[in-house]
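As a plain string of letters, each chain reads:
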Amino acid sequence: MYITIRADSVELEGYVNAIERKSKPLWSRIGQFVERICKGAFKRALERNDDVKIMLNHDPSKTLGSQREGNLELYEDNIGLHARATITDPEVIDIARKGDLVGWSFGFYDREVQQKRDEDGFPLRDVIDLDLEEVSILDKRTTPAYDGTLVAVRSEEKSIFYGETFSDEIQLREVPKE
């Protein structure tokens with residue numbers, strides 16, 4: 001993730017998730033499994049939803065913008081889901097200055113999933129299609145509820161999944177005030 005801190009904003013760029021990459025072992029009510037987001041899933045999701053939100057730590061009360069607001073760009077390429085965002089929230093600027101931004105995550109509803117076993121016989125959940133609701137920037141306060149990178153939050157109507165956190169090298173740059 002590339003982080004550029006300006007006087008009144010933070011610019012973030014990087015990969016939210018790498019496609020075709022297995023997650024760490026995850027837990028659900030039916031047991032342990034690994035998950036993989038398949039090529040094209042994000043592309044299809046973005047074609048259906050042109051207003052994905054950006055949040056801090058998956059917190060709806062910390063919605064920082066969206067595609068329609070013009071401060072978030074998302075696309076899928078041959079590596080995965082790429083994001084570029086400009087955030088003007090003072091709390092996020094302060095967190096970035098302290099060096100406490102640690103990566104990205106995403107929230108989605110699955111549309112099409114194939115259950116199978118990987119080469120070691122471990123349950124594998126291939127997410128072929130999904131509805132992308134939000135991407136989140138994560139700070140050091142975020143502690144996963146499970147030893148893995150997927151958290152499931154259940155409601156009466158739907159389940160939303162917070163997908164594998166993908167953080168490559170973090171590069172921080174502060175632009176001095178003029």
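Relevant structure appears above.
Residues numbered from 1 in each chain as written. Predicted model: local features only at pLDDT ≥ 70, side-chain atom pairs only at ≥ 80, totals over all residues. Heavy atoms only, no water.

A tally of regular secondary structure across the protein chain gives two helices and 13 strands. Counting all 178 residues of the protein chain, 48% fall into the buried class. Here the contacts in the protein chain between residues at least 6 apart in sequence split such that 67% fall between residues at least 24 apart. Taken as a whole, the protein chain presents about 9,600 Å² of accessible surface, with 46% of it coming from carbon and sulfur. (Helix = DSSP H or I, 4+ residues; strand = E, 2+ residues; numbered from the N terminus. Buried < 20%, exposed > 50% of the residue type's maximum accessible area, 1.4 Å probe, protein only. Contact = heavy atoms within 4.5 Å. Areas by Shrake-Rupley, 256 points an atom, 1.4 Å probe, with all protein chains shown as cover.)

Further remarks concern the pattern of salt bridges. Side chains bearing opposite charge may pair, as long as their charged atoms lie close to each other. Under the counting rule described, the total for this entry stands at 24 salt bridges. Of the charged contacts in the structure, one is a salt bridge between Arg48 and Asp129, with a shortest N-O distance of 2.8 Å. Taken together, the residues span a long stretch of sequence, with Arg48 in helix α1 (residues 41-48) and Asp129 in strand β10 (residues 123-139) at a distance of 81 residues. Residues Glu91 and Arg141 are paired through a salt bridge, measuring 3.1 Å at the closest nitrogen-oxygen approach. Of the two residues, Glu91 sits in helix α2 (residues 90-97) while Arg141 sits in the loop between β10 and β11 (151-154), which places them 50 residues apart along the sequence. Taken together, the shared-partner salt bridges connect Arg44, Arg48, Arg111, Asp129 and Asp131 into one network. (Salt bridge = Lys/Arg side-chain N within 4 Å of Asp/Glu carboxyl O.)

Strand order across the open sheet formed by five strands is β7-β8-β2-β1-β13, with mixed pairing between neighbours. This sheet does not close on itself; its edge strands, each paired only once, are β7 (72-76) and β13 (171-174). Between one strand axis and the next, the sheet turns through 15 degrees on average, direction left out of account. Against the sheet, α1 touches β2 (10-18), β7 and β8 (80-87), its axis set at about 135 degrees to β7. Across the sheet, α2 is in contact with β1 (2-5), β2, β8 and β13; its angle to β1 comes to roughly 110 degrees. (Pairing = 2+ DSSP bridges. Axes fitted to C-alpha atoms, helices over the stretch in contact; angles between N-to-C directions.)

The next thing to look at is the nonpolar core. Counting residues in hydrophobic clusters, the biggest one holds 35 residues, and the most contacted among them are Leu132 and Val135. Top element by residues in this core is β10. It accounts for five residues. Not counting residues up to four positions away in its chain, the partners in contact with Leu132 are Phe42, Ala45, Leu46, Asn49, Val52, Leu74, Leu81, Phe106, Gly107 and Phe108. (Core = buried A, V, L, I, M, F, W, Y, C linked by side-chain atoms within 4.5 Å.)

Turning to its location among the elements, His58 is positioned in the loop between β5 (53-56) and β6 (59-66). By relative accessible area, which is 14% here, His58 ends up buried. Remark: the alpha-carbon pair of His58 and Trp104, spanning 46 residues in sequence, is separated by 10.0 Å. For His58, the side chain forms a polar contact with the side chain of Ser105, separated by 2.9 Å. (Polar contact = N/O pair within 3.5 Å; in protein donor to acceptor, adjacent residues only side chain to side chain.)

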